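Chain residues, written in single-letter form:
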Protein chains: 4
Amino acid sequence: MKNNKPKYNQIIEAAVKVIAENGFHASQVSKIAKAARVADGTIYLYFKNKEDVLVSVFEEKMGQFIDKIAEAISQKQNAEEKLYSLIEMHFRQLSDDYYLAIVTQLELRQSNYTLRLQINKVLKPYLTVIDSIIKEGMEQKLFRSNLNIPLVRQMIFGTIDEIVTNWVMKEQKYDLMSQVPEVHALLIGALSSKG
Amino acid sequence: MKNNKPKYNQIIEAAVKVIAENGFHASQVSKIAKAARVADGTIYLYFKNKEDVLVSVFEEKMGQFIDKIAEAISQKQNAEEKLYSLIEMHFRQLSDDYYLAIVTQLELRQSNYTLRLQINKVLKPYLTVIDSIIKEGMEQKLFRSNLNIPLVRQMIFGTIDEIVTNWVMKEQKYDLMSQVPEVHALLIGALSSKG
Amino acid sequence: MKNNKPKYNQIIEAAVKVIAENGFHASQVSKIAKAARVADGTIYLYFKNKEDVLVSVFEEKMGQFIDKIAEAISQKQNAEEKLYSLIEMHFRQLSDDYYLAIVTQLELRQSNYTLRLQINKVLKPYLTVIDSIIKEGMEQKLFRSNLNIPLVRQMIFGTIDEIVTNWVMKEQKYDLMSQVPEVHALLIGALSSKG
Amino acid sequence: MKNNKPKYNQIIEAAVKVIAENGFHASQVSKIAKAARVADGTIYLYFKNKEDVLVSVFEEKMGQFIDKIAEAISQKQNAEEKLYSLIEMHFRQLSDDYYLAIVTQLELRQSNYTLRLQINKVLKPYLTVIDSIIKEGMEQKLFRSNLNIPLVRQMIFGTIDEIVTNWVMKEQKYDLMSQVPEVHALLIGALSSKG
DNA sequence: TATGAATGAGTTTTCATTCAT
DNA sequence: CATGAATGAAAACTCATTCAT
């Protein structure tokens, strides 16, 4: 519903651009308003406050992000392939969107505790997707049966996230996509029942 | 040399406490000074500015942190045991220091880009320790010989860091130390030449 | 253009009053804002910073000051009369504006080098007016033909300025206007070709 | 008596140097102490407070300054020659002492009202010297008999002071001494009974 | 809906001065 | 006499948010 209003999206897109270009702490409401070609006050017609803008940026962008990953995964047959697909889609989407990568990996992490909690809430579905892959892998006997799901999920997410963050901090000087097979192999090694 | 001055350490300890209790953005210099039982101005006799206090907190604490890990590792014979020791010491030190865990996992990450770069510089030796374990494991034929060292290091650090962060965000409601064997097993699974 | 905004002038007038009453160094932005009946932040909508407020005070006030002198002079026929007019108008305007006299003679001189340079720039047109009177007097053979113009200008300005400053420091206890003829006579004596 | 203490003079000289090199507002007590090679606290054994240091700088330096002028004048026979001598000595002493010129013409004027009053008190004897020359000139019938002494004194001092200030602000790019004859001629023109 | 002028709370840092040694 | 570590008050400026139009 929110999304039908063109100004709403205008502001979201402007926020991503402004944060990516100026950094989290230099992204004043007035700067976002200017980039969105609306008045400062207009922002408060669509968002409760500045924090709401930032959370919404994350919600909108991560929503699409997760949806695409979920869809890609649904077309794969087994947990191994699904994990591959997840890594690939995760990397690809951030590889393809320069601004988004900076904003999610570096800038939005400078937010305060409240915002962080809300960001975690948005991430929940992604973590659930990871959990389901783990479960499926165990059911399919591809993964060891005694895996501690939350722990494994934290390993998978922590690994992927750290690799992307490193790539962003190195100013994306190397090719992220080419690392997919190795990352997948490492994680499969950790989970595989054949170990 | 710095450390011999008692006020210097008084301020560092106060900063950790204040940041842990109030959060990064609510940790005014005056609050730190009060907690250290010194005048506001005294802080500027020992530190260039507020950022210098924060960087120094990280330097001092992570310096000790890494030293202890390095020492523990040096007494182990092979890469597998060293990795176990690293995970254990990493978890134990943060497990034992409530404030430090909050500060390193949550609060200091809210810092700006400049501060982040300096924090990364402090972390460098830790990453080097991880690298050396990986190399040693490959030499000892315990780990696969074709490991991509930076990638593996990112997996190890990302995994450990994510697990600690989760534990801190869950308000340390569960026992972190009990997870050491499983984390070690997962990582060894990823690296082992026996896979 | 700036001047059309009522708040701009409100702030300028408040600044003159506050500086005259409290002295240069005790004229905080918050005090000026309060006197202008605006919020502190409003000052920064109209001025770049505090120094800009002070420079603008001088620009606005000296602009008018010099304009009035220039106009009065333009109606006089010869250099002698023009010099008389200049002294008279200079004294009259400061005589009539208690606050302005204190601000220009005492308070704004406490400014730092940067501000002083800008004040000098504003004064430039006034010095040019003096120069033109000297030149005209030489052309009209009323003044000696070999006058060193910068030097004579410095004598005229130095004399007038010192007399006004003395009057302000003596808390304007005597009548400044009554001194005009004598000051004029002295200066004419210095310049006159009849000497 | 003060002067017999070597540290007292050390501090005075350091203050002149520091003020000339750093400007009035950047001349902290600690900087003066360092330049004088004494501890900060030592300054307070010889001076009541910072203002006292500045006043003392002016007292010491202007005391010598005025003494030399008074002595030079005492050897001259008539008011015209005495005025010449006064101008020449005034210019020469500032011409010869780079730091002193900057400090008296530019930096010490940035002081507040209290300090200004004390500086004026120090200047009093100089103004008395000027007054006595004017009186003598009137008695000797060299000057007009109806001169308004305070006004003439203000003209003489205002002229000399403005010329020196201009020379200092122009970074002493030209020769001040060469202007003595013209300045003298102008002032004599203003005062002379032959006009 | 949309605007943007106005608000005012909030924080780092400096530096003259003191006083225990 | 001399030191210099410690003190703590004081002020410019930013920016999220409001509200009259």
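In the block above lies the structure referred to throughout.
The structure reproduced in this document is the subject of the present report.

Considerations on the overall build of chain A
Logical step 1: The secondary structure content of chain A amounts to nine helices and zero strands.
Logical step 2: When the helices and strands of chain A are read in sequence order from the N terminus, they spell out α-α-α-α-α-α-α-α-α.
Logical step 3: Reported as C-alpha extents along the three principal axes, the dimensions of chain A are approximately 60 × 35 × 30 Å.
Logical step 4: For chain A, the share of sequence-separated contacts (at least 6 apart) that also reach a separation of at least 24 residues comes to 72%.
Logical step 5: By element, 51% of the accessible surface of chain A is carried by carbon and sulfur atoms, the whole surface being about 9,100 Å².
Logical step 6: For chain A, the distance from the average position of its 25 positive side-chain charges to the average position of its 23 negative side-chain charges is 4 Å.

What to know about the protein's contact with DNA strand E
Logical step 1: As a structural note, the neighbourhood of DNA strand E is formed by 28 residues, with Thr-42 and Tyr-46 of chain A, Lys-50 of chain B together with Thr-42 and Tyr-46 of chain C the closest of them.
Logical step 2: Among all atoms of DNA strand E positioned within 4 Å of the protein, those belonging to sugar or phosphate total 72%.
Logical step 3: Between DNA strand E and the protein, one listed contact pairs a phosphate oxygen with a side-chain N or O atom of Thr-42 of chain A at 2.4 Å.
Logical step 4: Between DNA strand E and Gly-41 of chain C, the relevant distance is 3.2 Å, taken from a base nitrogen to a main-chain nitrogen or oxygen of the residue.
Logical step 5: For the surface near DNA strand E, the leading source of residues is helix 3 (residues 40–46) of chain A, giving five residues.
Logical step 6: Here the residues of the surface near DNA strand E are counted per class, giving 12 nonpolar, nine polar and seven charged.

Remarks on the packing of helix 6 (residues 98–107) of chain A against helix 8 (residues 149–169) of chain A
Residues and elements named next belong to chain A.
Logical step 1: Where helix 6 contacts helix 8, the two axes come as close as 10 Å, and the packing angle between them is 115 degrees. With respect to each other, helix 6 and helix 8 are oriented roughly perpendicular. In the packing of helix 6 onto helix 8, the handedness of the crossing is left-handed. Contacts from Ala-101, Ile-102, Gln-105 and Leu-106 in helix 6 reach Asp-161, Val-164, Thr-165, Trp-167, Val-168 and Met-169 in helix 8.
Logical step 2: Of the residues in the contact of helix 6 with helix 8, the class split is seven nonpolar, two polar and one charged.

Things to note about the relation of the copies chain D and chain C
Logical step 1: Placing chain D over chain C gives an RMSD of 0.2 Å and needs a rotation angle of 179 degrees, together with 0.1 Å of translation along the axis. Taken together, these values place the two copies in the relation of a two-fold axis.
Logical step 2: Here 100% of the contact residues of chain D are again contact residues in chain C; the copies associate through an equivalent surface.

Comments concerning the interface of chain B and chain A
Logical step 1: Chain B puts 34 residues into the contact, and the matching count from chain A is 34 residues.
Logical step 2: For the chain B face of the interface with chain A, the top three residues by lost area are Leu-151, Gln-154 and Leu-186 of chain B, together amounting to 22%.
Logical step 3: The tally of links between chain B and chain A comes to zero salt bridges.
Logical step 4: Linking chain B with chain A are four residue pairs in polar contact (both at pLDDT 80 or more), by the criterion used here.
Logical step 5: Looking at the side of chain B that touches chain A, its residues break down into 15 nonpolar, 14 polar and five charged.

Digging into the interface of chain D and chain C
Much of the literature gives interface size as the accessible area that the parts lose upon coming together.
Logical step 1: The interface is formed by 34 residues belonging to chain D together with 35 residues belonging to chain C.
Logical step 2: Interface of chain D and chain C: buried area, both sides summed, is about 2,900 Å²; carbon and sulfur atoms make up 59% of it.
Logical step 3: Per-residue buried area on chain D facing chain C is highest for Leu-151, Gln-154 and Leu-186 of chain D; these three make up 22% of the total on that side.
Logical step 4: Connecting chain D to chain C are zero salt bridges.
Logical step 5: Taken together, chain D and chain C are joined by four residue pairs in polar contact (both at pLDDT 80 or more).
Logical step 6: Counting only elements with at least two residues in the side of chain D that touches chain C, the list comes to helix 6 (98–107), helix 7 (113–139), helix 8 (149–169) and helix 9 (180–191) of chain D.
Logical step 7: Top element by residues in the side of chain D that touches chain C is helix 8 of chain D. It accounts for 11 residues.
Logical step 8: When its residues are assigned to classes, the side of chain D that touches chain C shows 15 nonpolar, 14 polar and five charged.

Looking at the protein's contact with DNA strand F
Logical step 1: Surveying the vicinity of DNA strand F reveals 29 residues, the closest of which are Thr-42 and Tyr-46 of chain B, Gln-28 of chain C together with Thr-42 and Tyr-46 of chain D.
Logical step 2: In DNA strand F, the atoms that sit within 4 Å of the protein are 73% sugar and phosphate, with bases accounting for the remainder.
Logical step 3: Residue Val-29 of chain C places a main-chain N or O atom 3.1 Å away from a phosphate oxygen belonging to DNA strand F.
Logical step 4: At 3.0 Å, a side-chain N or O of Tyr-44 of chain C approaches a phosphate oxygen of DNA strand F.
Logical step 5: Listed by contribution, the elements that provide at least two residues to the surface near DNA strand F are helix 3 (40–46) of chain B, helix 3 (40–46) of chain C together with helix 3 (40–46) of chain D.

Re the packing of helix 1 (residues 6–22) of chain A against helix 4 (residues 50–74) of chain A
All names here are of chain A.
Logical step 1: For the pair helix 1 and helix 4, interaxial distance at closest approach is 10 Å and the crossing angle is 95 degrees. Put simply, helix 1 runs roughly perpendicular to helix 4. Here Tyr-8, Ile-11, Ile-12, Glu-13, Ala-15, Val-16 and Ile-19 of helix 1 lie close against helix 4, whose contacting residues are Val-53, Leu-54, Ser-56, Val-57, Glu-60 and Lys-61.
Logical step 2: Taken together, the residues of the contact of helix 1 with helix 4 break down into nine nonpolar, one polar and three charged.

Digging into the arrangement of the chains
Logical step 1: In this structure chain A stays clear of chain C, and the shortest span between their C-alpha atoms is 14 Å.
Logical step 2: There is a clear gap between chain A and chain D: no contact, and 31 Å between their nearest C-alpha atoms.

Some thoughts on empty space enclosed by the protein
Empty pockets left among the atoms are what a rolling probe the size of a water molecule brings to light.
Logical step 1: As enumerated under the stated definition, the model contains three cavities of 30 Å³ or more in all.
Logical step 2: Each pocket or cavity is described by its volume, and for the largest cavity that value is around 40 Å³.
Logical step 3: Lining the largest cavity are Tyr-113 and Arg-116 of chain C together with Leu-106, Glu-107, Gln-110 and Met-169 of chain D.

Re helix 9 (residues 180–191) of chain A
Logical step 1: Here helix 9 of chain A spans 17 Å end to end across 12 residues, near enough to the 16 Å set by a 1.5 Å rise per residue.
Logical step 2: Among the 12 residues in helix 9 of chain A, nine count as buried, and that is most of the element.
Logical step 3: For helix 9 of chain A, every residue scored as buried is listed here: Val-180, Val-183, His-184, Leu-186, Leu-187, Ile-188, Gly-189, Ala-190 and Leu-191 of chain A.
Logical step 4: Tucked into the core, helix 9 of chain A has its buried residues touching helix 5 (79–96) and helix 8 of chain A together with helix 8 (149–169) and helix 9 (180–191) of chain B.

Focus: the side chain of Lys-82 of chain A
Residues and elements named next belong to chain A.
Logical step 1: Topologically, Lys-82 is positioned in helix 5.
Logical step 2: A relative accessible area of 12% places Lys-82 in the buried class.
Logical step 3: A distance of 2.9 Å separates the side chain of Lys-82 from the side chain of Glu-136, its partner in a polar contact.

What about the environment of Gly-189 of chain B?
Logical step 1: Along the chain, Gly-189 of chain B falls in helix 9.
Logical step 2: When the C-alpha atoms of Gly-189 of chain B and Pro-150 of chain B are compared, they prove to be 18 Å apart, with 39 residues separating the residues in sequence.
Logical step 3: If we skip the residues at most four places from it in the chain, Gly-189 of chain B touches Gly-189 and Ala-190 of chain A.

With respect to the packing of aromatic side chains
Logical step 1: Here the structure, examined in full by the defined rule, presents 16 aromatic pairs over all chains.
Logical step 2: A centroid spacing of 5.8 Å and a plane angle of 55 degrees characterise the contact between Tyr-98 of chain C and Tyr-99 of chain C, whose relative ring orientation is tilted.
Logical step 3: Aromatic pair Tyr-8 of chain D and Phe-47 of chain D: ring centres 5.0 Å apart, planes at 20 degrees, arrangement stacked. A residue pair is termed long-range when its members are at least 10 positions apart, and Tyr-8 of chain D in helix 1 (residues 6–22) and Phe-47 of chain D in the loop between helix 3 and helix 4 (50–74) qualify at 39 residues.
Logical step 4: Here Phe-47 of chain D falls in the buried class, since its relative accessible area comes to 2%.

Conventions adopted
Residues numbered from 1 in each chain as written. Chains lettered and ligands numbered in written order. Predicted model: local features only at pLDDT ≥ 70, side-chain atom pairs only at ≥ 80, totals over all residues. Heavy atoms only, no water. Helix = DSSP H or I, 4+ residues; strand = E, 2+ residues; numbered from the N terminus. Contact = heavy atoms within 4.5 Å. Areas by Shrake-Rupley, 256 points an atom, 1.4 Å probe, with all protein chains shown as cover. Lys, Arg positive; Asp, Glu negative; His and termini not counted. Charge placed at Lys NZ, Arg CZ, Asp CG, Glu CD. Near = heavy atom within 4 Å. Polar contact = N/O pair within 3.5 Å; in protein donor to acceptor, adjacent residues only side chain to side chain. Nonpolar A, V, L, I, M, F, W, Y, C, P; charged D, E, K, R; others polar. Axes fitted to C-alpha atoms, helices over the stretch in contact; angles between N-to-C directions. Parallel < 35°, antiparallel > 145°, perpendicular 65-115°, else oblique. Left-handed = near helix turned anticlockwise from the far one by under 90°. Least-squares fit on C-alpha atoms with pLDDT ≥ 70 in both. Buried area = accessible area lost by both parts, 1.4 Å probe. Salt bridge = Lys/Arg side-chain N within 4 Å of Asp/Glu carboxyl O. 1 Å grid on protein atoms, 1.4 Å probe; cavity = no way out; pocket = protein on both sides within 12 Å on 5 of 7 lines; lining within 4 Å. Points joined across faces, edges and corners; volume = space filled by probe spheres on them. Expected span 1.5 Å × (residues − 1). Buried < 20%, exposed > 50% of the residue type's maximum accessible area, 1.4 Å probe, protein only. Phe/Tyr/Trp six-rings, centres within 6.5 Å; stacked < 30°, edge-to-face > 60°.

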